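Examining the three-dimensional arrangement
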Amino acid sequence: MSGLAVLCLARYGWDPDWSDLVVLAFVGALTWWLPSTSSDGRIHFTADNVVVLAAIPIVGPLGAGVVGLVMAALTRRRIPVVRRVFNMAMASSSAMVGGLAYDLVGGSLDMVGLSGAMPLIWHVGLPIVVADAANLVANALLVAGVIRLTVGVPLQLQLVDMLTSSGPTQFAYGIIAFLVVIMWLPGELGPVAILVALVPLAGARWALLQYGEERTARERALGALVSAIETRAPELEGHSARVSALAAVMAQDLGLGPKEVADVRTAGLLHDLGRVVVAPGREGEDEVTSARLRGATMLQDLPFLRGASSLMEEIARADLDDAPPSLAADLVRVADEYDLVRHGAHPVTARDAFEGLRTLREDAQGERVFQALSRALRDQDHADADAEAP
Amino acid sequence: MRLIPSRVERLVVGLAVAVLVVAAATEHAAFADAIRNHAVLLAAFAVSIAVGEMLRVRMPSGRVAAPVSSGSAIGLALLGTMHGHATFDVPAGVVTLVVAAALCLGLLVRGMIGRPVEWTIVAVRTIGVGVTALLFRSIPLGGDSAWTWVAEGVRHPAVLASAMMLVSAAGLYADLALSGLVRARRSGVPVSGAIREELQEAQALTFGVLAAGPLVAFLAPVVGLLALPLGLLPMMLTNVAVRRYAANRATYRQTIATLSQLTDVAGYTPTGHASRVAERSVAVARAMGLHADVVQDLEYAALLHDLGQVGLRSPIPDGATVLAAPDDQRRIALEGARIVRRTEVLDRVADLMERQTTPFRHVREWGEEVPLASRIIKVANAFDDFSHGRTDPASVDAALERIHLGLGYEYDPEVVEALIRTIGTPGRG
């Protein structure tokens, strides 16, 4: 960070309008003050990059770095000093990287003689878009780097996750900085510009946070289906959750994509839905397979369960005809069988359950699935041993 | 079904027409001048307003908003100077006429491509923009109109921005209040409730639209017509967020509805029972003016009210809980509530489900606290059980007769009264 700061100082000097700098730093801090992450932590919204990007032409790249520094320093969240310092360095560095990128593509830092749409687009608008992208990537790289060092998540995975989840939205909001700059400098509105431009974002923030809340609620609502299954078949208490967790670990182990892993997890959770969709006393008239199929069909209309419901359908049909199910469906089926043997009416050891089931499968896919199961069970053992260790 | 316009709707359209007639009569010369001097500018705003009518957003409550159209219209009302164009010095009446013409154009195009056409929306929006334009351009504030401040740049930017926001808010809230009034009359719900719903749900979009007008007006002197797309950009981003929210809200509701089908699919309850009871409960609640949040919880609770039957060892005949013994009814309700509580996010819904079987006399005689929403579910459930889900007059009358036998004893008379009102206006749930 200090290297960047020295570079910016040498290149652009340091003569900011102090009142502008204070206003920008204060508004920036405000964007960090308002809670911006939904309770599940998956939806993140902040307008801080609008402030930082607008700061580049208004108070210079070094000034933008100072705005980033102050805004991270004043955060209200109670975090350890180390993290606060890291956040300050990160926000400040990515702001300066954005500033340098702005300048490199010909962004104007004094705005003198610029008026009309085209000159402003060429010398302010496009450079801000470039700075927006640079700022975003620098930020993601720094965060992913630290997560790699502390938690060990691969850099590429974390980077892709950050840039694809909230990245596009964040990037789009960054373009608003162009409006702020036009109104602030050539429009002579001064600091009022940033307030006018940020008002609409208050609504966007509200809607995005609501969206996050409701998405969590929607997934929790599935818990009621599991609860209904366990009400009908009390002996299955905990079974759905175990199958779901085991199948998901196996899916991850075999390198399935995030979407497929999520589908396997959900299908594991709801695979016994067929038991509830037949009224008591009518079980005989209603074959297990057809009940299972109806269970799967019930979920087909829910867009976010389409993948899981087709897996459930596959599992139901696999009992009917001999066609082997897809790998994902097979994982759920094997996890289910394993858990029923292991925790059934006559519980057996993990080894016995595993060996007993393994002898029934000789095909290549079965081989892969059981290898994944074996690794998952070994990890489980290690985790249990660690938990028991003093 | 085509609705016959209510008196309120005719009044609103009449008012808008009156505004336009007065504007045309007093400002026809200025209008002709404006068309001559600002043809390109006016055409750009008119296109933006008309296109905005194609990009409407439907909110969960059913309210329809056209943020791009509203934002452009307010921008025109507030416009002072535009880079590369003559100063936009036109009276409020001209702005209103142009906006109304552009809205009509949008509506015609909607009609041609087979989308629904509502004149009241045009009327309401014309009045809203008229209010903004009048306040901004014609009402003197300390000597001059606020428009003069913009054109001459004599006031502090903060004062200008505040004035712009205030007049935009005045117009926009006039628009919201009138739409609430129209919607209330149309669906037979209390006016205060409908207006409150409009205001609350609109707030996310309202912020965006409120700022869009001033943004366009502030950007125009620097970037010319580009101000229109640029100024609308923040609001469009808000719009994307709001759409995502609305879509997600819909899938959440769908998830609950799927959950409610469990008892249908398993054959415990007659097909469609849960969704009919939910629809009827919502209609009754709206007719009684319940708050939008309560109506939402009520809808979920009504959808799930029979969920507890999955715990029964043998199904009750026809799934009709109304005929089951009071103890069984209570057990089903408690079991359902227990299942729902497991989600940890539907506790309020579970509370409503738990008390849905309590007879009204417990409230009357012992002062037991039973939420109104639970009493509504009880009545709606009985109505569907007794009418076997049929809507022919004989079945409806028979069901109402059975309910009347338990009036004040089993069922809350006020709820029953509201139920009868909703049967008069079916299908608007």
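Residues numbered from 1 in each chain as written. Chains lettered and ligands numbered in written order. Predicted model: local features only at pLDDT ≥ 70, side-chain atom pairs only at ≥ 80, totals over all residues. Heavy atoms only, no water.

**What to know about the overall build of chain B**
On a plain count of helices and strands, chain B comes out with 17 helices and four strands. For chain B, buried positions account for 56% of its 429 residues. Accessible surface for chain B amounts to roughly 17,700 Å². Of this, 60% is attributable to carbon and sulfur atoms. Across chain B, the 39 positively charged side chains and the 38 negatively charged ones have centroids separated by 4 Å. (Helix = DSSP H or I, 4+ residues; strand = E, 2+ residues; numbered from the N terminus. Buried < 20%, exposed > 50% of the residue type's maximum accessible area, 1.4 Å probe, protein only. Areas by Shrake-Rupley, 256 points an atom, 1.4 Å probe, with all protein chains shown as cover. Lys, Arg positive; Asp, Glu negative; His and termini not counted. Charge placed at Lys NZ, Arg CZ, Asp CG, Glu CD.)

**As for the overall build of chain A**
When helices and strands are tallied, chain A shows 16 helices and zero strands. Its C-alpha atoms give chain A a radius of gyration of 28 Å, clearly above 21 Å, the size a compact globule of 390 residues would have. C-alpha extents for chain A along the principal axes are approximately 85 × 45 × 35 Å. Each of the 390 residues in chain A was classed as buried or not, and the buried ones make up 50%. In chain A, the proportion of contacts linking residues at least 24 apart, taken out of those at least 6 apart, comes to 67%. Summed over its atoms, the accessible surface of chain A is roughly 17,800 Å², and 60% of this surface lies on carbon and sulfur atoms. Across chain A, the centroid of the 30 positively charged side chains sits 3 Å from that of the 44 negatively charged ones. (Rg over C-alpha atoms; globule rule 2.2 N^0.38 Å. Contact = heavy atoms within 4.5 Å.)

**Looking at a nonpolar patch on the surface**
All names here are of chain A. Among the surface-exposed residues, Phe26, Leu30, Trp33, Leu34 and Leu74 lie close enough to one another that they form a single nonpolar patch of about 500 Å² accessible area. Mapped onto the elements of the fold, Leu74 is located in the loop between helix H3 (48-73) and helix H4 (81-104). Owing to a relative accessible area of 45%, Leu74 belongs among the partly exposed residues under this scheme. (Patch = residues over 30% accessible without salt bridge, like charges linked within 9 Å, V, L, I, M, F, W, Y side chains within 5 Å. Salt bridge = Lys/Arg side-chain N within 4 Å of Asp/Glu carboxyl O.)

**Remarks on the packing of helix H3 (residues 67-78) of chain B against helix H5 (residues 119-137) of chain B**
All names here are of chain B. With their axes 9 Å apart at the nearest point, H3 and H5 run at an angle of 25° to one another. Here H3 is positioned roughly parallel relative to H5, judged by the angle of their axes. In this structure, the crossing between H3 and H5 has a hand that is right-handed. Side by side, H3 and H5 meet where Ser69, Ser70, Ala73, Ile74, Leu76, Ala77 and Leu78 of the first sit next to Arg125, Val129, Thr132, Ala133, Phe136 and Arg137 of the second. When grouped by side-chain class, the residues that make up the contact of H3 with H5 number eight nonpolar, three polar and two charged. (Axes fitted to C-alpha atoms, helices over the stretch in contact; angles between N-to-C directions. Parallel < 35°, antiparallel > 145°, perpendicular 65-115°, else oblique. Left-handed = near helix turned anticlockwise from the far one by under 90°. Nonpolar A, V, L, I, M, F, W, Y, C, P; charged D, E, K, R; others polar.)

**A look at the domain arrangement of chain A**
Looking at chain A, the domain boundaries give domain 1 (2-213) and domain 2 (233-388). Domain 1 of chain A and domain 2 of chain A are separated by 46 Å when their C-alpha centres are compared. (Domains from an automatic or database assignment.)

**What to know about the UniProt feature "transmembrane region" (unreviewed entry) in chain B**
All names here are of chain B. The residues that UniProt annotates with the feature "transmembrane region" (unreviewed entry) are residues 39-57, 64-84, 90-109, 121-139, 159-182 and 202-220. Along residues 90-109, the helical share is 90% and the strand share 0%, with 27 Å between the first and last C-alpha atoms. Split by type, residues 159-182 is 100% helix and 0% strand. Its first and last C-alpha atoms lie 35 Å apart. (UniProt positions renumbered as here; feature names shortened; annotations may be inferred.)

**Some details on helix H13 (residues 347-354) of chain B**
Residues of H13(B) that are buried: Val349(B), Ala350(B), Leu352(B) and Met353(B). The arc enclosing the buried residues of H13(B), seen along the axis, measures out at 160°, which places them on a common side. (Arc of directions from axis to C-beta.)

**Some points on the interface of chain B and chain A**
Taken together, the contact between chain B and chain A spans 56 residues of the former and 60 residues of the latter. In this assembly, chain B packs against chain A so that about 5,100 Å² is buried in total across both faces, 74% of it on carbon and sulfur atoms. Summed over the shared surface of chain B and chain A, the number is one salt bridge. For Arg342(B), the salt bridge is made with Glu230(A), and the minimal N-O distance between the two is 3.5 Å. Looking at the side of chain B that touches chain A, the elements that each hand over two or more residues are helix H7 (157-187), helix H8 (191-223), helix H9 (227-265) and helix H12 (326-341) of chain B. Ranked by residue count, the leading element in the side of chain B that touches chain A is H9(B), at 22 residues. Split into classes, the residues belonging to the side of chain B that touches chain A amount to 33 nonpolar, 16 polar and seven charged. (Buried area = accessible area lost by both parts, 1.4 Å probe.)

**A short note on the side chain of Ser108(A)**
Counting through the fold element by element, Ser108(A) comes out in the loop between H4 and helix H5 (117-150). Not counting residues up to four positions away in its chain, the partners in contact with Ser108(A) are Pro57(A), Tyr102(A), Leu114(A) and His123(A).

**What to know about the packing of helix H8 (residues 176-184) of chain A against H9(B)**
H9(B) packs onto H8(A) with a crossing angle of 145° between their chain directions and a minimal axis gap of 9 Å. Seen from above, H8(A) lies across H9(B) with left-handed handedness. Between H8(A) and H9(B), the contacting residues are Ile176(A), Phe178(A), Leu179(A) and Ile182(A) on the first element and Leu230(B), Gly231(B), Leu233(B), Pro234(B) and Leu237(B) on the second. Taken together, the residues of the contact of H8(A) with H9(B) break down into eight nonpolar, one polar and no charged.

**Some details on the nonpolar core**
With 114 residues, the main nonpolar core has Leu24(A), Val124(A), Tyr173(A), Leu76(B) and Val95(B) as its most contacted residues. Those residues in contact with Val124(A) that lie beyond four places of it in its chain are Tyr102(A), Met111(A), Leu114(A), Pro119(A), Phe178(A) and Val181(A). Counting 105 residues, the second largest nonpolar core, distinct from the first, contains Val332(A), Ala302(B), Val340(B) and Val349(B). (Core = buried A, V, L, I, M, F, W, Y, C linked by side-chain atoms within 4.5 Å.)

**So, the packing of aromatic side chains**
Applying the stated rule across the entire model yields three aromatic pairs over all chains. Each ring, one from Phe354(A) and one from Phe370(A), has its centre 5.8 Å from the other, and the planes form 65°; the classification is edge-to-face. Highlighted residues: Phe354(A) in helix H15 (residues 350-358) and Phe370(A) in helix H16 (residues 364-388), separated in sequence by 16 residues. For Phe370(A), a relative accessible area of 2% translates into the label buried. Taking the centre distance of 5.5 Å and the plane angle of 75° together, the rings of Tyr252(B) and Tyr300(B) count as edge-to-face. Of this pair, Tyr252(B) sits in helix H9 while Tyr300(B) sits in helix H11 (residues 292-303), and the two are 48 residues apart along the sequence. A residue is classified by how much of its surface remains accessible, and Tyr300(B), at 3% relative accessible area, is buried. In this structure, Arg361(B) packs its charged tip against the face of Tyr409(B), placed 4.4 Å from the ring centre. (Phe/Tyr/Trp six-rings, centres within 6.5 Å; stacked < 30°, edge-to-face > 60°. Lys NZ or Arg CZ within 6 Å of the ring centre and 35° of its normal.)

**Looking at the domain arrangement of chain B**
The accessible area lost on association of the parts is a frequent measure of interface size. Residues and elements named next belong to chain B. According to the domain assignment, chain B consists of domain 1 (7-246) and domain 2 (266-424). Here the C-alpha centroids of domain 1 and domain 2 sit 44 Å apart. For the domain 1 and domain 2 pair, buried surface summed over both sides reaches about 570 Å², with 51% attributable to carbon and sulfur atoms. Three residues stand out in domain 1 for area buried against domain 2, namely Pro190, Arg196 and Glu197, and they jointly supply 56% of the buried area on that side. Here domain 1 and domain 2 share zero salt bridges between them. Linking domain 1 with domain 2 are zero residue pairs in polar contact (both at pLDDT 80 or more), by the criterion used here. Residues belonging to the side of domain 1 that touches domain 2 are distributed by class as follows: two nonpolar, three polar and two charged. (Polar contact = N/O pair within 3.5 Å; in protein donor to acceptor, adjacent residues only side chain to side chain.)

**So, helix H14 (residues 327-343) of chain A**
Residue and element names in this part refer to chain A. Between the first and last C-alpha of H14 there are 24 Å, a value that for 17 residues agrees with the 24 Å anticipated at 1.5 Å per step. With respect to burial, H14 is a largely interior element, twelve of its 17 residues being buried. The complete set of buried residues in H14 reads Leu327, Ala328, Ala329, Asp330, Leu331, Val332, Arg333, Val334, Ala335, Asp336, Tyr338 and Asp339. (Expected span 1.5 Å × (residues − 1).)

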